[in-house]
Amino acid sequence: MTYAITQTCCNDATCVAVCPVNCIHPTPEERAFGSTEMLHIDPRACIDCGACADACPVDAIFPVDSLSAGQREYADINAAYYEGGEPAPGTTEGPNFHAWGEPVFGRSLPSDFGPLRVAVVGTGPAGMYAAQDLLLHTAAEVTLIDRLPVAGGLVRYGVAPDHPATKKVGDTFSRFHSHPRVRMHLGIEVGRDVTAEELAAHHDAVIYAVGASTDRRLGIPGEDGPGCLSATSFVAWYNAHPEAVAQGVDLSAERVVVVGNGNVALDVARILVADPEALAGTDIAAHALEALRASRVREVVVLGRRGPEDAAYTRSELLALKHLPGVELVVDDHDPRTGAAIDASGAGDRAALLRGLARVRTDAVAPTTPDGAARRIVLRFHSGPVEILGDGDVRTVRVTDGGGGAVDLDAGMLLRAIGYRGLPVPGLPFDEASGTVPHEGGRVAGLPGGYVVGWIKRGPSGGIGANRTCAAETVGTLLADAVAGALPAPTGDARAFRRLARRRNRRVVDARGLAAIDRAERDRGRRDGRPRVKLATVEELVATARAGRLPRLSR
């Protein structure tokens, strides 16, 4: 028996570090690392020790013989990655399972290297990987800052609610929230409550992990009208983001058009047609669950400007759609190039995953189906939006037909999911073209002591696990600067910063307040048979944090 890595692989390579036989690839030292959709276990070399499964932060690794029906394809996917190659190097002499290479020490700190005081702005995966690196490998004191009164970032507000295993990486990060060398200030925004200069004055270094919080636009007529939303807003809505509007997403039409071919496009399409009762067992926002229960949406058309061979979604996310109960996945056959690409695809090609799916033509009017009938997702390639028409709300989306013309599709809502974009951080340089902060190895250009990590550093590419390698580079640059004496000396200490933060914002949430929020949400979830019921407004979050900090009276 061997193990296989499945859909929720986060690519952070924790499993690689614990494998005793070097059978998980690509490793961070290999050129292909970061360019593959997931990591793979070589079935010829795996010894069934289970170390990788124990270490996996997102529960993505299982014994092959225990894979569910929807996961069995991953045994073949793992094996196919190694077809034609040699198994992991091994040895039959001695107790070692494989020949070890020369040890590599990427960092070297002087024995008298003193503790640094580092602020990390942003508590999503990028920021927490950086904080984890500092806390585990140095004596640094870390100040965690977030503009929201709760931690989590992308893990809490970006991961789809029906991907609970992916959210488990948050448990890995949360153990550092109460670390003795961590001070937490949630609800503080740089540029609103404190300046970048004030933050730098109280710390040896500041790492900005603020992500890419806005979306790219289509640039077509009608885009600013009601019923045309960004996937960013829609994801925030169903994930109970406190800045999302609890009401206002109209699901009264039978068809929704989603523009984009990435994983986010598939996420929103899947949520729109999934069984609401299946979502009721997740941490989806209560207002979103209520709206989806009353939804009349029966069809989601996903538009991709290019062909199926160039789709940006990962194989694992498409496979998940193929096994979605009560949902039919079909391919729009309006353009002959689509079918030709699918039929000509090789076994390892992305387009090959679409073999066997029904091929249909999308009608102008959405198909009318009775309640309880199968819903469907239509993948329409070689097609993009031209104009959004309607009297107030979206009524028609004009799309290209692949032959130089255009057709009109009736729809009640359009969601654009064509990528994210970073926003400027007051006090930091910003590249408008890329939506990132200019840097060298994570060091902010022209700002001594300032560093970036995550999407604000490299652009909106890579999933959760990609931030681990990204953070390692940034922290390595920071430590090298510290050893070289290149960090400016702070003029204030941690206590002074705490006073400053609370003077500027009386609603700051600390680690004890965050723990109170977590308890309250889990308690609410237990009553409803859910993992948690999220508090959906800033006021609820702050009030719960404050109430949880009050001393309990003895009876």
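Conventions we followed
- Residues numbered from 1 in each chain as written.
- Predicted model: local features only at pLDDT ≥ 70, side-chain atom pairs only at ≥ 80, totals over all residues.
- Heavy atoms only, no water.
- Pairing = 2+ DSSP bridges.
- Helix = DSSP H or I, 4+ residues; strand = E, 2+ residues; numbered from the N terminus.
- Axes fitted to C-alpha atoms, helices over the stretch in contact; angles between N-to-C directions.
- Contact = heavy atoms within 4.5 Å.
- Buried < 20%, exposed > 50% of the residue type's maximum accessible area, 1.4 Å probe, protein only.
- Polar contact = N/O pair within 3.5 Å; in protein donor to acceptor, adjacent residues only side chain to side chain.
- Disulfide = S-S within 2.5 Å.
- Phe/Tyr/Trp six-rings, centres within 6.5 Å; stacked < 30°, edge-to-face > 60°.

Visitor: Could you clarify how one ought to interpret the sheet that holds strand 14 (residues 358-360) in this entry?
Guide: For sheets, the rule is that strands pair by backbone hydrogen bonds, running either parallel or antiparallel. If you walk across this open sheet you meet the 7 strands as 10-19-11-12-15-13-14, and the pairing is parallel. Strands at the two margins of the open sheet, each flanked by one partner only, are strand 10 (228-230) and strand 14. Across the sheet, the mean angle from the axis of one strand to that of its neighbour is 25 degrees, orientation sign disregarded. In this sheet, strand 19 (residues 413-416) lies alongside strand 10 in parallel orientation, the contact comprising 3 bridges. Bridge assignment links Cys-228 to a residue of strand 19, and that residue is Leu-414. Along the sheet face, helix 9 (residues 231-238) touches strand 10 and strand 19 and points at about 75 degrees away from the line of strand 10. Contacting strand 11 (255-259), strand 12 (299-303), strand 13 (327-332), strand 15 (375-380) and strand 19, helix 10 (residues 263-273) crosses the sheet at an angle of about 155 degrees to strand 15.

Visitor: Looking at this model, I keep getting lost on the sheet that holds strand 16 (residues 385-389). Mind explaining?
Guide: Here 3 strands make up an open sheet; going across it, the order is 16-17-18 and the pairing antiparallel. At either end of the open sheet lies a strand with only one pairing partner, and these are strand 16 and strand 18 (406-410). Sheet twist, expressed as the mean angle between neighbouring strand axes with direction ignored, is 20 degrees. Taken together, the 4 bridges between strand 16 and strand 17 (residues 396-400) define a ladder with antiparallel strand orientation. For Pro-385, the partnering residue across the bridge sits in strand 17 and is Val-399.

Visitor: Before we go on, may I ask you to explain the pairing of strand 18 in this structure?
Guide: Along any regular strand, the residues point their side chains to alternate faces of the sheet. Bridge analysis of strand 17 against strand 18 gives 5 bridges, and the strand direction is antiparallel. Paired with Val-397 across the bridge in strand 18 is Leu-409. Connecting the antiparallel pair strand 17 and strand 18 is a turn made up of 5 residues, with Gly-402 showing a positive phi of about 85 degrees.

Visitor: Honestly, the side chain of Lys-457 in this entry has me stumped. Any pointers?
Guide: Mapped onto the elements, Lys-457 comes out in helix 15 (residues 455-458). Overall, the relative accessible area of 5% leaves Lys-457 in the buried class. Within the local environment of Lys-457, its side chain forms a polar contact with the side chain of Thr-474, the two groups lying 3.0 Å apart.

Visitor: Would you mind showing me how to read the state of the cysteines here?
Guide: Disulfides are covalent bonds that link the sulfur atoms of two cysteine residues. Taken as a whole, this structure holds 0 disulfides when the rule is applied. The cysteine Cys-10 is free of any disulfide, with Cys-56 supplying the nearest cysteine sulfur at 5.9 Å. Of the residues examined, Cys-10 reaches a relative accessible area of 11% and is grouped as buried. Considering cysteine sulfurs only, Cys-9 is the nearest to Cys-15, which forms no disulfide, with 6.5 Å between them.

Visitor: Looking at this structure, how should I read the packing of aromatic side chains?
Guide: By convention here, two paired aromatic rings are described through the distance between centres and the angle between planes. Counted by the stated rule, this structure contains 5 aromatic pairs. Geometrically, the ring pair formed by Tyr-129 and Phe-173 is edge-to-face, given 5.0 Å between the ring centres and 85 degrees between the ring planes. Residue Tyr-129 is located in helix 4 (residues 125-137), and its partner Phe-173 is located in helix 7 (residues 169-174); the two are separated by 44 residues in the primary sequence. Both residues of the pair, Tyr-129 and Phe-173, belong to the buried class. Grouping aromatic residues by their ring pairs yields a cluster made of Phe-234, Trp-237 and Tyr-238.

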